Every structure is written in C-alpha cells, then in structure tokens.
Amino acid sequence: MAEKEVVETSEAQIAVHWQEEGYYYPSTEFIAQANMSDKGIYERFRLENFPNCFKEYADLLDWYEYWETILDTSDAPCFKWFKGGKINASYNCIDRHLKDNKNKTAIHFVPEPIDARYEHITYQELYVRVNEFAALLRDFAGLKRGDRVTLHMPMVPELPIAMLACARLGVIHSQVFGGFSGTACADRIIDSGSNVLITMDAYYRSGSLIDHKQNADVAVEHAEKDGQKVDKVLVWQRYPGKYSAKTPMVDGRDYFVNDLLKNYYGARVEPERMNSEDPLFLMYTSGTTGKPKGCQHGTGGYLAYVTGTSKFVQDIHPEDVYWCMADIGWITGHSYIVYGPLANCASTVIYEGVPTYPDAGRSWRIAQDLGVNIFHTAPTAIRALRKIGPDEPAKYNYHFKHMTTVGEPIEPEVWKWYHKEVGKGEAIIVDTWWQTETGGFLCSTLPAITPMKPGSAGPGMPGIHPIIYDDEGNVVPRGAGKAGNICIQNPWPGMFQTIWGDRDRFVDTYFARYCKDPSSKDWRDWPYLTGDAAVEAEDGYFRILGRIDDVINVSGHRLGTKEIESAALVVPEVAEAAVVPVAHDIKGKEPDLYIALKPGCEASDDMAKRISDAVCDEIGKIAKPRKVWIVKDMPKTRSGKIMRRVLGAISNKADVGNVMTLANPEIVEEIKAMVQK
Ligand code: PRX
C-alpha cells in the first residue's frame with residue numbers, strides 16, 4: 001500500500017466557497033419529452049442491485065455475441081465488464097444506423113469563418129469515409145488489432161473518422177490534444193509504443209492558419225531518440241490543393257492521406273469482432289508525477305456507459321442537434337462528441353476555432369444556423385462569454401432545451417447567467433462531474449427527475465455510489481457540512497481498466513488509499529479515489545471543491561504541477577521549480593511558477609520568458625504560467641521539502657499561517673514583498 005500522501009497545496013484549499021442555493025425545476029414540457037422520466041431508475045440502480053442493473057446500459061448496444069458475465073472481478077481492481085461479449089464500437093456508432101438513418105446528418109462541421117462553408121456528413125458518408133480510411137490504415141500502414149496509433153489532430157471531421165476507423169480494425173487510438181506540443185506528443189508515442197502518427201498539416205484558430213505538421217517532426221525526432229521508431233506519419237490536408245504544410249514532408253516517412261485515399265475509394269472493411277474488454281483507446285492525463293498516465297478504456301463497458309449517459313443525461317433524441325463545445329482531444333470530446341452521441345444516432349456538431357473569434361456572438365450564431373437545441377460547454381467558456389458578450393445570446397434566434405456544464409465547479413452567479421441568458425430561462429442545466437479515468441458522468445442531476453441546484457454537481461448517477469472519507473478513512477456522513485475525499489464505492493462500466501503498461505501505478509494512485517483488503521477479489525473492498533474534495537449536502541447532492549493532489553484545473557484542462565515543474569527544469573540555470581494554482585476569474589485556476597536558480601547563476605532579463613517558453617515547448621501553450629517568479633530560495637521545511645502551501649497562499653494573497661517552523665522563515669516575507677507588491 002502506498003503511504004498516505006501529504007498534500008501541501010491543492011485546488012481544494014483555494015476553492016471558492018459559495019452558499020448552498022435553492023432548487024430549479026424542469027418544465028412539464030421538458031419532462032414530457034425526456035428519454036428518462038421514470039423515477040424508479042434510482043431504485044433499479046441502488047447498490048443492492050449492483051452490478052446487474054447495468055444490463056440496461058449494455059442492452060442499448062448491438063452485440064455480435066451477447067456477454068456471459070456482467071462484471072468479472074477476478075483481477076480486481078482491473079475490472080472487466082460484459083465478459084464474453086463480442087462487439088465493435090465503429091459498427092455501433094455507424095453501421096447499425098444505416099438501415100433507417102443513412103441520410104441523417106451524423107456530423108455538422110463548422111470551420112472557422114474564413115472562406116469555408118459548413119459541412120454536413122450523413123451517416124452513409126461517414127460509413128464510406130471511415131471504411132476507406134480503415135482500409136488505408138490496414139493495407140498501407142499495416143495496422144492490425146491490438147496495435148496502438150497516436151493521433152495529433154485538430155478539431156476537424158477527419159479526427160472522429162480516424163478514431164472510428166481505428167475502432168473498426170480493433171486498433172487502439174491515442175488522440176493527443178491538438179494544442180499540445182510536439183514534445184508532449186512524443187511522450188505519448190513512446191509510452192503507447194505507436195509506430196504510426198496521424199496528424200494534419202494545418203488548422204485555423206482565431207483567424208490564423210497554424211502550421212501543425214512541424215509538431216509531428218518534433219514528436220518523431222524525440223520519440224526516435226528514445227528508441228521508439230515511427231515508421232509512418234500520415235498527414236491529412238486541411239485544404240487539399242489550396243494550402244499545404246509549410247514544413248517539408250520527409251521522404252519515405254510522411255504521406256498525405258488525401259493522396260493515398262484515392263487508392264482506397266470504395267473499400268469496405270468488415271468490423272473486427274472485439275472482446276468486450278479489449279481496449280478501445282488510451283487517453284493520457286496528468287497526475288501527481290511528471291509522467292502523464294495512459295488511461296486505458298475498454299470497448300463494451302465504455303461504449304455502454306457513454307451511450308446510456310448520453311441518452312439519459314444529455315437527453316439526445318433522433319431529431320435533436322447536439323453541440324458539445326469541447327475538444328475531441330479531451331475525454332469529454334471522446335465520450336460526448338463522438339462515441340456517446342453517434343452510438344445514439346445523433347447529429348453532433350464539431351467546430352474549429354474558439355467561441356470568441358471573430359466575435360462573442362459566434363456560438364449563438366452557430367446554434368441559430370444549425371438549429372442546435374442541446375448545448376454542452378465548460379464554465380470557463382461561459383465565464384468568458386458572459387464577460388465579453390453578456391447581451392449576445394438574446395440577439396440570436398435559437399432555443400436550447402438542455403444545457404450541460406463540465407470540467408470545473410461553476411459559481412452560482414455564472415450558472416444563473418447561463419440559465420437566464422444562454423438558456424433563455426427555458427433550458428434545463430446538468431452539471432456533470434467526472435474525469436478522464438471515469439469515461440462518463442459520476443455525479444449529475446437526471447434532467448427530468450432530479451431538480452437542479454446551482455453550484456452543486458448533483459447526486460451520484462444511477463449505479464454510481466459516491467462516498468466521502470476523511471484522511472483517516474472514516475466516512476463523512478451526508479449533511480455533516482465537512483469536506484473530504486470523494487470516492488466511488490463500486491466500479492461501473494465506463495471506468496478505465498488500468499494505466500497503460502503500469503498496473504502498479506493504477507492500483508497505488510486510485511485504490512491503495514482506501515482499499516480494505518489488497519488481496520480481495522470483491523469489488524466492495526476497492527473504493528475508487530477520485531482525487532477531488534467534496535461536500536455532501538443533506539439532500540445527497542455533491543459540491544465539488546477541486547483537486548486534493550498535485551493537479552491544476554486550468555480552463556477545465558487538467559495539468560500536473562509536476563509536469564510543469566519538470567518542463568521548467570529543462571532550462572539549464574534552473575535548480576528548483578514549484579508550481580501553485582492561483583484563482584482566476586475566467587480560467588478558474590492558473591499556474592504560478594516559482595524558480596530558484598543554481599548557485600552562481602544570475603537572473604537575466606529574459607530568464608522568466610525563457611522558462612515560460614520552455615514550458616510551452618515541453619507541454620503546450622495551455623500550460624503557460626501566469627507569472628514566473630525567480631526567488632532567492634524556496635521556503636523549505638527543515639528536512640528540505642519545498643512548502644508549496646506557503647507559495648500558494650502568497651500567490652492567492654491568503655494567510656500563509658505559521659511559518660516559524662520552516663528552515664528559512666525569512667524568505668517568506670521576501671517572496672511576499674515581491675509577489676504582492
Ligand atoms: O477536479 C475535477 C474537475 O476536473 C477533474 C477531471 O479532469 P479531466 O480528467 O480532465 O476531465 C474533465 C472532464 C470530465 C475532476 O477531478 N471536474 C470535472 N467536472 C467537474 C469538475 N469539478 C467540478 N464540477 C464539475 N462538474
């Protein structure tokens with residue numbers, strides 16, 4: 001068992017503290033049309049009925065062979081769902097819809113408004129394009145069932161096409177968020193052992209055409225230095241024949257997909273009959289160490305869970321136009337832009353660019369143009385749109401019946417603006433709390449059944465049984481008004497299966513802390529540690545306060561403080577680095593980076609910039625520190641540990657507490673004078 005972690009600074013400690021709010025209720029009109037209005041669902045999914053209750057989710061899918069064992073715990077806590085079942089995710093998201101819905105739009109693509117029109121891809125066209133690309137991957141790239149392939153793609157339809165082509169072949173895809181640097185992409189290529197990289201030459205963001213291909217060159221070079229050979233780089237062209245990558249193509253390694261595809265026009269690929277527990281994809285996420293973790297998601301369990309939650313929580317009907325504004329490079333996009341909506345035969349919207357360019361009305365114009373009626377975004381975007389365009393939603397003629405927020409706690413004031421202005425007082429809101437690891441929602445209200453409460457994520461989803469433990473392992477009872485570590489008592493089908501190639505880290509990080517018996521094969525002995533702090537109100541609603549570990553949530557994006565610190569250490573003069581989260585009114589949190597230099601090194605004028613640039617190069621611009629503070633020394637305990645808690649308090653202008661027990665208490669005043677001046 002791992003030692004109990006000592007958390008020195010964390011988001012939870014600087015969490016916004018707001019008052020409990022009253023309930024908001026859905027309209028009778030919404031309830032009448034909802035996919036799930038049967039209050040009995042909570043009863044059916046209570047703990048006594050676990051795990052058999054999840055049959056209801058599995059039955060939303062088409063199986064080649066129906067499963068035999070609903071939950072196999074023989075390798076606990078690596079749980080296997082729907083064991084014995086044979087299934088294909090690509091088939092469930094495409095082929096099974098062709099009989100009745102082949103002419104229905106599967107994907108609406110909204111490019112940046114340069115000179116391109118919206119694209120509307122029907123299920124039939126998606127079928128054709130996925131098959132052709134799958135044939136290329138199989139016959140040209142030599143990929144086969146069980147191989148890993150890294151994708152580093154921007155937000156274009158070719159991204160879900162590539163994911164679904166992989167799924168068709170049983171190839172495990174690992175999409176790296178397009179905004180990550182080439183170096184960050186290399187780490188994921190190496191860890192997953194990918195020999196093929198799929199990328200795109202360029203994409204638009206805020207009016208500029210960004211050369212993305214250069215990241216592939218950096219990624220391959222880094223990976224190869226580390227012994228991971230990348231044989232083929234498959235480069236989609238954003239505008240074939242019109243623009244091309246500024247970076248040159250490497251002969252014998254780099255290929256334009258658009259050229260190769262001509263050889264596969266008309267090709268059809270029979271979907272692989274995958275075992276339910278075979279991995280579908282890897283999604284890397286930040287943790288407490290510098291190395292991102294490859295969360296391995298399975299096929300049958302994951303697909304069942306995202307299909308069910310899309311249907312019951314997102315309330316997607318065949319006639320709805322659903323827009324989740326996330327990036328497919330994060331788990332939200334995988335589960336709730338691609339797999340969940342497409343498995344439900346929805347029309348899902350993908351857009352390029354940002355919501356605030358060319359103006360703050362862009363999102364509402366898109367909603368009006370496409371008739372979007374289900375909208376899904378993060379508090380960061382809502383805060384930004386509220387700040388720069390508070391009156392914009394009223395100018396457009398759209399009507400949302402349903403809206404989601406995800407990724408960070410939402411302040412009640414922001415929630416109310418979202419409800420009144422964006423939702424025009426008509427839309428219900430679900431606040432969905434979950435994680436990369438969990439595949440799908442953990443806490444949320446069910447839109448027609450459980451009332452909304454601003455600032456609160458809601459109760460556990462049906463079949464998800466959260467519990468709050470204190471640091472000693474005692475249960476913090478409902479309504480106690482005390483925060484603690486929120487865990488989930490039971491596994492669920494959407495849960496990740498392991499960390500790719502590192503079962504020990506999986507067990508240590510997520511289960512060791514509250515495991516009742518490490519040799520047990522009983523799921524009851526393996527509560528899942530989420531890494532968040534939460535409070536459970538009397539009504540069973542959970543208010544999420546933020547991370548208890550070394551993870552920062554910046555604009556709803558998860559970054560490891562250790563990852564940023566390791567990136568800073570690439571600069572030769574840097575001796576020590578410490579990252580702390582700072583509250584920000586739009587982004588939620590931002591990283592502040594404290595640096596101590598090696599003896600004899602002087603802080604030059606460009607030092608802070610060089611360090612900040614190094615972080616962007618190593619990780620990507622999303623990790624750019626708010627400020628780099630070069631300090632004479634770090635505040636340290638007598639045993640030499642950096643006191644990040646003290647630095648966090650200084651950055652957030654909070655009380656630093658008693659520092660007299662530190663080895664160097666005098667440095668605290670010095671840093672305070674520098675930061676708070
Ligand atoms: O701290 C929680 C926060 O985001 C973390 C998970 O980040 P990631 O794996 O990137 O997945 C984000 C999208 C699911 C959580 O540990 N978080 C997520 N949703 C919420 C949230 N915090 C408060 N309220 C939410 N609705």
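In this text, all values refer to a predicted model and were calculated from it rather than measured experimentally.

Student: I'm lost on the domain arrangement of the protein chain in this one. Help?
Tutor: A common measure of how large an interface is: the accessible area buried when the components associate. Along its sequence, the protein chain is carved into domain 1 (16-87 + 299-545), domain 2 (120-271) and domain 3 (554-674). Distance from the C-alpha centre of domain 1 to the C-alpha centre of domain 2: 29 Å. Of the residues belonging to the side of domain 1 that touches domain 2, the class tally is nine nonpolar, three polar and two charged.

Student: Explain unusual backbone geometry to me, please; I cannot follow it from the model alone.
Tutor: Geometrically, the link from A76 to P77 is a cis peptide bond, its omega value of 5° lying close to zero. A cis geometry characterises the amide bond from Y357 onward to P358, with omega recorded as 5°. Residue position: P358 is located in the loop between strand 17 (347-351) and helix 12 (362-370). Non-glycine residue F82 carries a positive phi angle of around 55°. Judged by the 30 C-beta atoms lying within 10 Å of it, F82 falls in the buried class. Even without glycine at this site, S206 takes up a positive phi of about 50°. Relative to the assigned elements, S206 resides in the loop between strand 9 (202-205) and strand 10 (208-211).

Student: Got a minute to help me understand the environment of A219 in this structure?
Tutor: Summarising the element assignment, A219 is placed in helix 8 (residues 213-225). Along the backbone, A219 and K395 are 176 residues apart, and their C-alpha atoms lie at a distance of 44 Å. Every residue in contact with A219, bar those within four places of it in the chain, is listed here: H152, G182, C185, A186, I189 and L197.

Student: I keep staring at the packing of helix 4 (residues 89-101) against helix 11 (residues 331-343) and nothing clicks. Help me out?
Tutor: Running from N to C, helix 4 and helix 11 cross one another at 60°; their axes reach a closest spacing of 8 Å. On the basis of the axis angle, helix 4 is oblique to helix 11. Between helix 4 and helix 11 the crossing geometry is left-handed. Where helix 4 approaches helix 11, its residues A89, N92 and C93 are matched on the opposing element by Y339, L342 and A343.

Student: How should I be thinking about the sheet that holds strand 25 (residues 542-547) in this particular structure?
Tutor: Two orientations exist for strands paired in a sheet by backbone hydrogen bonds: parallel and antiparallel. In space, the four strands of this open sheet follow the order 21-22-24-25, with antiparallel pairing throughout. With one partner strand each, in any of the chains shown, strand 21 (466-469) and strand 25 form the two edges of the open sheet. With strand direction ignored, the average angle separating the axes of adjacent strands in the sheet is 50°. As judged from the five bridges shared by strand 24 (residues 528-536) and strand 25, these two strands associate in the antiparallel manner. The residue bridging E536 from the neighbouring strand is F542, located in strand 25.

Student: Got a minute to help me understand the site of the ligand in this structure?
Tutor: Residues in contact with the ligand amount to 22 residues; listed here are only the nearest, W433, Q435, T436, I544 and R558. Of all the secondary-structure elements, those providing two or more residues to the shell around the ligand are helix 11, strand 20 (428-432), strand 24 and strand 25. For the shell around the ligand, the residue count by class is seven nonpolar, 10 polar and five charged.

What counts and how
- Residues numbered from 1 in each chain as written.
- Predicted model: local features only at pLDDT ≥ 70, side-chain atom pairs only at ≥ 80, totals over all residues.
- Domains from an automatic or database assignment.
- Nonpolar A, V, L, I, M, F, W, Y, C, P; charged D, E, K, R; others polar.
- Helix = DSSP H or I, 4+ residues; strand = E, 2+ residues; numbered from the N terminus.
- Buried ≥ 20, exposed ≤ 12 C-beta atoms within 10 Å, placed from the backbone.
- Contact = placed C-beta atoms within 7 Å.
- Axes fitted to C-alpha atoms, helices over the stretch in contact; angles between N-to-C directions.
- Parallel < 35°, antiparallel > 145°, perpendicular 65-115°, else oblique.
- Left-handed = near helix turned anticlockwise from the far one by under 90°.
- Pairing = 2+ DSSP bridges.
- Near = placed C-beta within 6 Å.

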